[in-house]
Amino acid sequence: MREDFLHFVWQHRLYDAVQLKTTDGVDLAIRQTGTLNLSSGPDFSEARIEMESTQWIGTVEIHLRSSDWYAHQHDADTAYDTVILHVVYEHDREVTTTQGDAIPTLELKGRIRKELLDRYGQLKNSKSTIPCAHSLHSIAPIQWKAWLDRVLTERLEAKSRDVELHLKHADGHWLQVYYSFLAGYLGGNWNKLPMFELARKLPFVTLGLYKDTPLKREALLLGTAGWIPNASGEPYVQSLEAEYHHLSNKHVIEPIAQRWKTGRVRPDNSPVHRIVQLSGVLGFLEEAFRQLIDTGSFDWSKVDLDISEYWKEYNGFELKKRNRTGRLSSTMSDLLAINVHAPLLFQYGVHTGDISLRERALEGLRTIAPESNRFIREWKTLGLSPDSAADSQAMIELTTRYCTPKKCVICNVGRTIISRA
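Residues numbered from 1 in each chain as written. Predicted model: local features only at pLDDT ≥ 70, side-chain atom pairs only at ≥ 80, totals over all residues. Heavy atoms only, no water.

Caption draft 1: Seen up close, the overall build of the chain. Tallying secondary structure elements over the chain gives 15 helices and eight strands in all. What you see for the chain is a C-alpha radius of gyration of 28 Å, clearly larger than the 22 Å of a compact globule of 421 residues, by over 25%. Taken along the three principal axes of its C-alpha coordinates, the chain extends 90 × 50 × 40 Å. Taken over 421 residues, the chain has a buried fraction of 49%. The contacts in the chain between residues at least 6 apart in sequence include a share of 61% that link residues at least 24 apart. Accessible surface, the chain as shown: approximately 20900 Å² in total, 48% of it carbon and sulfur. Computing the positive centroid from 51 side-chain charges and the negative centroid from 53, the chain places the two 6 Å apart. (Helix = DSSP H or I, 4+ residues; strand = E, 2+ residues; numbered from the N terminus. Rg over C-alpha atoms; globule rule 2.2 N^0.38 Å. Buried < 20%, exposed > 50% of the residue type's maximum accessible area, 1.4 Å probe, protein only. Contact = heavy atoms within 4.5 Å. Areas by Shrake-Rupley, 256 points an atom, 1.4 Å probe, with all protein chains shown as cover. Lys, Arg positive; Asp, Glu negative; His and termini not counted. Charge placed at Lys NZ, Arg CZ, Asp CG, Glu CD.)

Caption draft 2: How the structure looks around the pattern of salt bridges. Evaluated as defined, the whole model comprises 21 salt bridges. Salt-bridge contacts for Arg366 lead to Asp149; the nearest nitrogen and oxygen are separated by 3.7 Å. Of the two residues, Arg366 is situated in the loop between helix H12 (355-365) and helix H13 (374-381) and Asp149 in helix H4 (residues 141-169); the sequence distance between them amounts to 217 residues. Residue Asp149 is classed as partly exposed on the basis of its relative accessible area of 28%. The closest approach of N and O atoms between Glu154 and Arg150, which form a salt bridge, is 3.5 Å. Highlighted residues: Glu154 and Arg150, both in helix H4, separated by four residues, approximately one helical turn. On the basis of relative accessibility, which here comes to 11%, the residue Glu154 falls in the buried class. (Salt bridge = Lys/Arg side-chain N within 4 Å of Asp/Glu carboxyl O.)

Caption draft 3: Inspection of the pairing of strand S4 (residues 54-65) at higher detail. Here strand S3 (residues 44-51) runs beside S4; their pairing, made up of six bridges, is antiparallel. The partner of Ile49 across the bridge, within S4, is Trp56. Linking S3 to S4, which pair antiparallel, is a turn of two residues; within it Glu52 sits at a positive phi near 50 degrees. Both S4 and strand S5 (residues 83-90) contribute to a ladder of six bridges, which runs parallel. Counted as the bridge partner of Arg65 is Glu90 from S5. (Pairing = 2+ DSSP bridges.)

Caption draft 4: Molecular detail of H12. If you check which residues of H12 are buried, you get Leu357, Ala361, Leu362 and Leu365. The arc enclosing the buried residues of H12, seen along the axis, measures out at 145 degrees, which places them on a common side. Residues of H12 that are buried sit in contact with H4, helix H10 (285-295), helix H11 (330-352) and helix H14 (389-403). (Arc of directions from axis to C-beta.)

Caption draft 5: Quick look at the layout of surface pockets. The computed volume of the largest pocket comes to approximately 1300 Å³. The wall of the largest pocket is formed by 47 residues, among which Tyr185, Gly188, Met332, Leu335 and Asn339 lie closest to the centre. Where the lining of the largest pocket is concerned, the elements lending two or more residues are H4, helix H5 (174-201), helix H9 (271-282), strand S7 (314-316), H11 and H14. If you tally residues by element for the lining of the largest pocket, the top one is H5, at eight residues. A class-by-class count of the residues in the lining of the largest pocket yields 20 nonpolar, 15 polar and twelve charged. Leu36, Leu38, Arg401, Ile410 and Arg415 are the residues nearest the centre of the second largest pocket, which is lined by 20 residues in total. For the lining of the second largest pocket, the secondary-structure elements that each account for two or more residues are helix H1 (3-11), H4, H14 and helix H15 (412-419). With four residues, the single largest contributor to the lining of the second largest pocket is H1. Broken down by class, the residue content of the lining of the second largest pocket amounts to seven nonpolar, six polar and seven charged. (1 Å grid on protein atoms, 1.4 Å probe; cavity = no way out; pocket = protein on both sides within 12 Å on 5 of 7 lines; lining within 4 Å. Points joined across faces, edges and corners; volume = space filled by probe spheres on them. Nonpolar A, V, L, I, M, F, W, Y, C, P; charged D, E, K, R; others polar.)

Caption draft 6: Structural context of the state of the cysteines. Using the criterion set out here, one finds zero disulfides in the structure. Here Cys403 is not disulfide-linked; the sulfur of Cys132 is the nearest cysteine sulfur, at 5.9 Å. For Cys403, a relative accessible area of 7% corresponds to the buried category. The closest cysteine sulfur to the non-disulfide-bonded Cys411 is located on Cys403, 6.3 Å from its own sulfur. (Disulfide = S-S within 2.5 Å.)

Caption draft 7: A look at the packing of H1 against H15. The interhelical angle for the contact between H1 and H15, taken along N-to-C directions, is 70 degrees, at an axis separation of 12 Å. By the criterion of interaxial angle, the relationship of H1 to H15 is roughly perpendicular. Along this stretch, H1 crosses H15, giving a crossing that reads as right-handed. Contact with H1, carried on its side by Phe5, Phe8 and Gln11, involves Arg415, Ile418 and Ser419 of H15 and no other residues of that element. Considering only residue class, the contact of H1 with H15 consists of three nonpolar, two polar and one charged. (Axes fitted to C-alpha atoms, helices over the stretch in contact; angles between N-to-C directions. Parallel < 35°, antiparallel > 145°, perpendicular 65-115°, else oblique. Left-handed = near helix turned anticlockwise from the far one by under 90°.)

Caption draft 8: A look at the side chain of Asn191. Within the element layout of this structure, Asn191 appears in helix H5. Since its relative accessible area comes to 2%, Asn191 is described here as buried.

Caption draft 9: The arrangement of unusual backbone geometry in detail. Look at Gln19: it is not a glycine, yet its phi comes out positive at around 50 degrees. Counting through the fold element by element, Gln19 comes out in the loop between H1 and strand S1 (28-32).

Caption draft 10: Local environment of the packing of aromatic side chains. Throughout the structure, instances matching the rule amount to 15 aromatic pairs. Aromatic side chains Phe5 and Tyr120 sit 4.0 Å apart centroid to centroid with 20 degrees between the ring planes, which places their arrangement in the stacked category. In this pair, Phe5 sits in helix H1 while Tyr120 sits in helix H3 (residues 114-124), placing the two residues 115 residues apart along the sequence. For Phe5, a relative accessible area of 0% puts it in the buried group. For Tyr120, a relative accessible area of 7% corresponds to the buried category. Geometrically, the ring pair formed by Trp10 and Tyr15 is stacked, given 6.0 Å between the ring centres and 10 degrees between the ring planes. For the pair shown, Trp10 and Tyr15 are each scored as buried. One aromatic cluster in this structure is built from Trp174, Tyr178, Phe289 and Tyr348. In this structure, Arg93 is placed above the aromatic ring of Tyr70, and the distance from its NZ or CZ to the ring centre is 3.9 Å. Sitting over the ring of Tyr185, Lys192 keeps its end group 3.8 Å from the ring centre. (Phe/Tyr/Trp six-rings, centres within 6.5 Å; stacked < 30°, edge-to-face > 60°. Lys NZ or Arg CZ within 6 Å of the ring centre and 35° of its normal.)

Function cannot be inferred from these measures alone, as they are strictly geometric.
Set out below in structure tokens:
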């Protein structure tokens, strides 16, 4: 048993409340359980209880055992002097405030229904990636859909906090944030961090000076990333070397420190290829951002990237392509829409107070095909297939935030399964 289960039991009054008494025999009535505290301090605030006809208002602390009060050093923390009731599963020791005053204790052992404990135990001890896999059939479709919608919002809120953090580092420059996130997600799981560093070392205000000159952008990006070959006889590469030498001195730019990963990386995902694509999108970045804010979407797969002719034939230095154009694939465009556009638009709405932009971010995900990964395949085996990227994003969040850490008692689905009559 974990404390979050007791939080759930206390918050929803899932215990026998007949003839409640404290551990020292005082009659007790719970008028209000209080509000769950997600920060530091006692677990519930603004609780109201009655003991021997006297009303008490204050905080409630919950533990598996009374002795946990001392294990967590609450006896030496004045923040816990406001506790009016100590709720525990098993009482094994009296507890006191920093002033030595005894705190009334309610023991829940023997007051929680066996079926409730059994259902909780089944979820907690499940070996499945999705602990409630065998009970999902009991969840009404409308409840399932409502929970996915809520979890999707939580995921966008979490991602938008990353956007806000980047915005602070960029001194409020939204185009820099957009550029940074495009760089990171073009880098993929392998090279996201080096791409983020590259975007910091070469800010948009610098590269924007050369938005109409692909060679200069490519020289700055590839040179700062450490990818320009030495002593090459290829005219284009010689031009890169010369431009990088001149521009890096002019703008006082040092190479990035992060190491690139190339092992088992396909040519289409190679750092050189992705950096060139990043250079190619920069000429359209301002227009893309405007369209994103105005309409809620921008399809990068329909843009002819502004890149040097060399890269229309080569995937990397001396690595030829086959039947490729200077465009991002529709798959990559969708990934950018999911992981960059939606969080960016959502946070822009928060930042400007425009609720319609937040709704537009959610609606945009509903127009994109669902992703396919190990999390989604697991849900599909249970007969729950996503209809759009909105659903697949919610399922990913549900798996990673709730299912894997087995936080079933803060999941609406888990709560329903545990507490059903």
